[in-house]
Amino acid sequence: WDVAVHYRSGADEAKALVTELQAHGVRAHAFAADLDDTAQREALIPAVTAHFGRIDALINNASLFRYDTLDSLTEASWADHVNANLTAPIFLIRDFAKVLEAQGSKGVVINILDHKIDSPNPDFFAYTVGKVGLAGMTPTLALALAPHIRVCGLAPGLILRSGDQTEADYQAAWH
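Okay, so let's go over this structure.

Some remarks on the overall build of the protein chain
Here comes step 1: Within the protein chain, the secondary structure is distributed over five helices and five strands.
Here comes step 2: Listing each helix as α and each strand as β along the protein chain from the N terminus yields β-α-β-α-β-α-β-α-β-α.
Here comes step 3: Expected size for 175 residues packed as a compact globule is a radius of gyration near 16 Å; at 17 Å, the protein chain falls within 12% of this value.
Here comes step 4: On the principal axes, the C-alpha backbone points of the protein chain span a range of 45 × 40 × 30 Å.
Here comes step 5: Out of the 175 residues belonging to the protein chain, those deemed buried represent 34%.
Here comes step 6: Contacts in the protein chain between residues far apart in sequence, at least 24 positions, make up 65% of those at least 6 positions apart.
Here comes step 7: Element-wise, carbon and sulfur atoms account for 58% of the exposed surface of the protein chain, whose accessible area totals about 10,100 Å².

Rendered as structure tokens:
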């Protein structure tokens, strides 16, 4: 597969990944876009398609993960989390579906979810709600876009420490 690496602010990391992929014979390119900016988000899929000549898969992995609780939640934080974890993916999927229809091809969407959708707790409240929304949207989109586009959700287990979580708390969460 050719690989389009999207980034917002991690240009150095994205370019390092492209270099690593290219060293393995993969055709790869980095694309900058702030998914909070409608114009940049809407330009991303067409830019990838123009560069590679087609697009066959979309992996919605970008997210915002900032600590909050119901008590500390602000409207601004809520909007930021919902936009990153729910709004951007739905519009990227919509744009992806339009391009696949124009290409006359089939494809796949993989929504990266979170273990918190099945083990919720009250911390990282807005993040969790956004991921639960994305999880709920996934089967609905699978039905709406079938049979030309498969829409899947992948919820990895606990893989990184959360915020200020201690190593002991992280290890305890594994057991």
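Thoughts on the pairing of strand β4 (residues 107-112)
Here comes step 1: Of all six residues that make up β4, five are buried, and the element is covered over most of its length.
Here comes step 2: Pairing geometry for strand β3 (residues 57-60) and β4, over four bridges, is parallel. Looking across to β4, one finds that alanine 57 is bridged to valine 108.
Here comes step 3: Here β4 pairs with strand β5 (residues 149-154) via six bridges, running parallel. Looking at the pairing, valine 109 lines up with valine 151 of β5.
Here comes step 4: In the classification by handedness, the crossover that spans β4, the intervening helix α4 (residues 125-145) and the parallel β5 is right-handed.

Some details on helix α1 (residues 11-23)
Here comes step 1: Taking 1.5 Å per residue as the helical rise, α1 with its 13 residues ought to reach 18 Å, and the 18 Å between its terminal C-alpha atoms agrees with that figure.
Here comes step 2: At the exit of α1 stands glycine 25, carrying a positive phi of roughly 85°.

Things to note about the sheet that holds β5
Here comes step 1: An order of β3-β4-β5 is seen for the three strands of this open sheet, with the pairing classed as parallel. Each having just a single partner strand, β3 and β5 make up the two edges of the open sheet. Strand-to-strand twist across the sheet, computed as the mean angle between neighbouring axes with direction ignored, equals 15°.
Here comes step 2: The strands touched by α4 within the sheet are β4 and β5, with β5 carrying the most contacts at an inclination of about 160°.

Digging into helix α2 (residues 38-52)
Here comes step 1: Taking 1.5 Å per residue as the helical rise, α2 with its 15 residues ought to reach 21 Å, and the 22 Å between its terminal C-alpha atoms agrees with that figure.
Here comes step 2: Approximately 30° is the largest bend angle found in α2, and it occurs at leucine 44, with the proline proline 46 only one to four residues beyond.
Here comes step 3: For α2, the full list of buried residues reads Arg41, Leu44, Ile45, Val48, Thr49 and Phe52.
Here comes step 4: On its buried face, α2 is in contact with β1 (3-7), β2 (28-32), β3 and α3 (75-103).
Here comes step 5: For α2, the N-terminal capping position is held by aspartate 37, with its side-chain oxygen 3.0 Å away from the main-chain nitrogen of alanine 39.
Here comes step 6: Of the residues one or two after α2, glycine 53 is the one with positive phi, at around 90°.

What to know about the pattern of salt bridges
Here comes step 1: Enumeration over the complete set of coordinates arrives at seven salt bridges.
Here comes step 2: Two residues, arginine 54 and aspartate 56, come together in a salt bridge whose shortest N-O distance is 2.8 Å.
Here comes step 3: Arginine 54 gets classed as partly exposed once you look at its relative accessible area, which sits at 40%.
Here comes step 4: Note that arginine 94 is salt-bridged to aspartate 95, the shortest N-O span being 3.0 Å.
Here comes step 5: Look at arginine 94 and you get partly exposed, because its relative accessible area is 33%.

Definitions and cut-offs
- Residues numbered from 1 in each chain as written.
- Predicted model: local features only at pLDDT ≥ 70, side-chain atom pairs only at ≥ 80, totals over all residues.
- Heavy atoms only, no water.
- Helix = DSSP H or I, 4+ residues; strand = E, 2+ residues; numbered from the N terminus.
- Rg over C-alpha atoms; globule rule 2.2 N^0.38 Å.
- Buried < 20%, exposed > 50% of the residue type's maximum accessible area, 1.4 Å probe, protein only.
- Contact = heavy atoms within 4.5 Å.
- Areas by Shrake-Rupley, 256 points an atom, 1.4 Å probe, with all protein chains shown as cover.
- Pairing = 2+ DSSP bridges.
- Right-handed = clockwise from strand over helix to strand, strands pointing away.
- Expected span 1.5 Å × (residues − 1).
- Axes fitted to C-alpha atoms, helices over the stretch in contact; angles between N-to-C directions.
- Bend = angle between axes of the 7 residues up to and from the residue.
- Polar contact = N/O pair within 3.5 Å; in protein donor to acceptor, adjacent residues only side chain to side chain.
- Salt bridge = Lys/Arg side-chain N within 4 Å of Asp/Glu carboxyl O.

Note that all results are geometric; they support no functional claim without further evidence.
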